[in-house]
Structures are given as C-alpha cells and as structure tokens.
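Letter by letter, the chains look like this.
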Amino acid sequence: MSTPVLEISRGAFRANLAAVRARLGESQLMLVMKDDAYGHGIDWAVSEAEAAGVSWFGGYDIPTALRIRALTSQRVYAWATSSASEVEAAIRAGIELGIGSTAYLAAVIARAELLGIRTALHLKIDTGLHRNGFRPEDWAAAVGIARAAEERGSVRIAGVWSHLAEASDEEDDAAQAVFLEAVRHLEAVGGTPEALHLTASAAAWWRPELRGTLSRIGAFCYGIRSADGPVLDGLSLISRLVATVDAVEGDTVRVGLGAFHGLPSVLQGAEVATPGGLRRIVRIDGDATTVAAWPGARIGDRVIVFGPGDDGESDATALAERMDTVGEEILTRLTPAVSRLLGP
Ligand SMILES: *Cc1c(COP(=O)(O)O)cnc(C)c1O
C-alpha cells in the first residue's frame, strides 16, 4: 500500500513570509510555530525564515521554543504556563516568557533569581478572551511585582501582549482599549516594554490599527486562510497532501490515505483533485480512502486532497469548513505516518 505525502514548498513559504511582512509594515513579524509549525516541521522552517530575515519566533510551549532555539539565535518566545524544570531550561536558553498569572510570575522571577539570569518577560493582560492573562483589576498588582523584580535586575519587562477573539470588530476594539490602558499603566510606573503584541493572522492582516510593534502570525505564513475568509493576495498554501491510487475497482478507486493518517472520516463527500478532475470521497477507512473514479484511472495516479494542484484549488480551509473547524486543524491532525517531502 502506498504512503501519503505532504509536499511542502519552501518557495511558497518564503513568498508568504514576504507578503505578510509587507502587509505588516512597521509591525514586526513573530512567526508562530506551534504544533510543529502547523504540521509542516519546525527545522527547515526556522532556517528558511531566518534566512528571510525573520527575527522573532513563537513556540507556544517551552519544548517547542527550545527546538527553535537550537536552530537560531533570534528572539524566541514561549507563552504556555510551564513547569519549574521547563522554565529553568527556557531561562538558560534565553527564551522570553509570556506570563498571565501571579503564581507563574512568582515562579519565573524566583527561578531567574536562583539562576542569576536576567529574563525577558511579556505580561499578558486579559482583554476579554478569559484564556489566561491578568484581569484588568489585577494588572496593577502584577505590574508591581514584575517592576520590583525588574528594579532588582532579575527580569526585564520586554513586552505586553494579549490575544483577540477576532469575533467582531467591536469586541476587538474594546480589547485593544483594555490593552492600551494596561500598557499606559506599566509605562506610568516606569516600565519600558518594547514589544506590544495583540494581533494574530486575521486581525493583523485586516485591522492595521490594532497592530502593535509585533504581530504573532502562524496560519497566514503557511498560507492557511481563515475559515469563511477569502483567499488572500500573495498568500498560498505551502503544502499539498497527495495520495496514490493503489487499486481501481470499477467506478471507484482506493488511495493510500485514511483516518490513521489523520484524515478526518467526516470528510466523506468532500472533493479531491484527480487526473480526471474533481471527484468525491466516497468513504474514509483506517488506512485507505475510496474515491469516485475517473475515465482511465490507473494504479499510481496522484490524488490531491488539498493544496495547489493541476485541477484548480482545493484548500485545507475548505475541508475544515465542512467540519466547522479551522484550516490548521486539517494540517496538525496529519500523523507522522504521512511523509513530509520538502521541495524547493
Ligand atoms: C496560535 C496563536 C497565534 C497565531 O494565530 P494564527 O491565527 O495562526 O496566526 C498567535 N497568538 C497566540 C497566543 C496563539 O496561540
């Protein structure tokens, strides 16, 4: 049985990075690489991005940030609340830490002092998403603790950040107001945060007025468009999921890609690109998928499940929309049983 392949285009990634950076203007790009660079693999992507001039990398958790650090000396950021041993490794590696709770703030300061390594912190204000972050009513106290540690030389308050819901412009505007108020307070008590970051892909692209000095962008750098969002000028999906025909059975074919590879079985009914044009997925089994045949279908034919192909575009987000999720989930669900093939 054949193995499915995720064909990755380095050139498309470089083009996306250039388009995103052009769009961001003054705001710097932090390339977000969680979930193994949205399923594409961190290692090559760090080198490629660094060569393209990207100077900030976001790892979400510390193990990911450490993998990035092993590949680059640029700034690396991790924002998942982490264990003491991970925090120690991060501090030693010069990873900057996102902090959204008093307990974690105290733990990071204590560890930085123990190690005698001045550590860069980014304080998170909860601007309404209620997903970690200091509530506005707790901000002054958190800032007080962080500023005292900064005065002692233990840490540096390098940034203030938050995450937007991106559900409506009104909510995002209100979140920005809370964010800017938090920055004002920090500055009023002597803080000098240089990295102000609030926006991810969609808001950074569409709402320039919300951008801070830094934008944390994942999806659009990999060319994954927003669910229910348009295909964006200058961005294209950097990968293509290809399965090979293993059997032709009358009016259907079987391809070597299934639920065990991470293809969600609810995608039955979706269209894939075949040498004979678009055809529907009839059934998804564990290790194979049945697709409606085309005239002249042969063993060895390539079927493109998503990504740029000869037969027009089917993208990961279009598949995700069928199951009410976001495009990155289609990619991050692909298991290591899918080979990654890195192309030019
Ligand atoms: C994943 C993530 C991002 C990147 O979001 P995209 O929509 O993929 O650009 C930014 N910030 C945080 C906190 C995230 O978790």
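These notes cover the structure that comes with them. This is a predicted model, so every value here is computed, not measured.

1. Concerning the pairing of strand S3 (residues 56–60)
- Taking burial as the measure, the five residues of S3 include four buried ones, the bulk of the element.
- The pairing of strand S2 (residues 28–32) with S3 spans three bridges and is classified as parallel. Residue pairing for S3: Met30 is matched across the bridge by Trp56.
- Looking at chain direction, S3 and strand S4 (residues 75–78) are connected through four bridges and run parallel. Bridging from a neighbouring strand, Trp56 pairs with Arg75 of S4.
- Crossover S3 to S4 through helix H4 (residues 62–69) is right-handed.

2. Some points on the packing of aromatic side chains
- According to the stated counting rule, one finds nine aromatic pairs in the structure shown.
- Summarising the aromatic geometry, the rings of Tyr38 and Tyr222 are spaced 4.9 Å apart at their centres and angled 25° between planes, so their arrangement reads as stacked. In this pair, Tyr38 sits in helix H2 (residues 34–38) while Tyr222 sits in the loop between strand S9 (214–217) and strand S10 (239–249), placing the two residues 184 residues apart along the sequence.
- Judged by its relative accessible area of 6%, Tyr38 is buried.
- Counting every residue linked through ring pairs, the aromatic cluster contains Phe13, Tyr38, Trp44 and Tyr222.

3. Comments concerning the pairing of strand S12 (residues 271–274)
- Two elements, S12 and strand S13 (residues 277–284), share four bridges in a ladder whose sense is antiparallel. In the sheet register, Ala273 faces S13, and the bridge partner there is Leu278.

4. Structural notes on the packing of H4 against helix H5 (residues 84–92)
- Closest axis-to-axis distance for the H4/H5 pair is 10 Å, and the angle between their directions is 25°. Regarding the angle of H4 to H5, the classification is roughly parallel. In this structure, H4 meets H5 at a crossing whose hand is left-handed. Listed contacts from H5 to Ile62, Pro63 and Leu66 of H4 are Glu86, Val87, Ala89 and Ala90.
- Considering only residue class, the contact of H4 with H5 consists of six nonpolar, no polar and one charged.

5. Considering the site of the ligand
- Every one of the 13 residues lining the ligand counts as a neighbour, but Lys34, Tyr38, Ser201, Arg216 and Ala219 are closest to it.
- Within the backbone of Ala219, an N or O atom sits 2.8 Å from an oxygen atom of the ligand.
- In isolation the ligand has 390 Å² of accessible area, and contact with the protein removes 88% of it.
- Where the shell around the ligand is concerned, the elements lending two or more residues are H2 and S9.
- Here the shell around the ligand is built from residues that sort into seven nonpolar, three polar and three charged.

6. A look at the pattern of salt bridges
- Inspection of every chain in the model, using the stated rule, returns 25 salt bridges.
- Residues Asp36 and Arg67 are paired through a salt bridge, measuring 3.2 Å at the closest nitrogen-oxygen approach. With a gap of 31 residues between them, Asp36 in helix H2 and Arg67 in helix H4 connect regions that are remote in the sequence.
- Residue classification places Arg67 among the partly exposed residues on the basis of a relative accessible area of 39%.
- Among the salt bridges present, the one from Asp315 reaches Arg225, with a minimum N-O distance of 2.7 Å. Here the residue Asp315 occupies a position in the loop between strand S16 (312–314) and helix H10 (316–322), and Arg225 occupies one in the loop between S9 and S10, the gap between them amounting to 90 residues. Arg225 carries the same exposure label as Asp315, and that label is buried.

Procedures and definitions
Residues numbered from 1 in each chain as written. Predicted model: local features only at pLDDT ≥ 70, side-chain atom pairs only at ≥ 80, totals over all residues. Heavy atoms only, no water. Buried < 20%, exposed > 50% of the residue type's maximum accessible area, 1.4 Å probe, protein only. Helix = DSSP H or I, 4+ residues; strand = E, 2+ residues; numbered from the N terminus. Pairing = 2+ DSSP bridges. Right-handed = clockwise from strand over helix to strand, strands pointing away. Phe/Tyr/Trp six-rings, centres within 6.5 Å; stacked < 30°, edge-to-face > 60°. Axes fitted to C-alpha atoms, helices over the stretch in contact; angles between N-to-C directions. Parallel < 35°, antiparallel > 145°, perpendicular 65-115°, else oblique. Left-handed = near helix turned anticlockwise from the far one by under 90°. Contact = heavy atoms within 4.5 Å. Nonpolar A, V, L, I, M, F, W, Y, C, P; charged D, E, K, R; others polar. Near = heavy atom within 4 Å. Polar contact = N/O pair within 3.5 Å; in protein donor to acceptor, adjacent residues only side chain to side chain. Areas by Shrake-Rupley, 256 points an atom, 1.4 Å probe, with all protein chains shown as cover. Salt bridge = Lys/Arg side-chain N within 4 Å of Asp/Glu carboxyl O.

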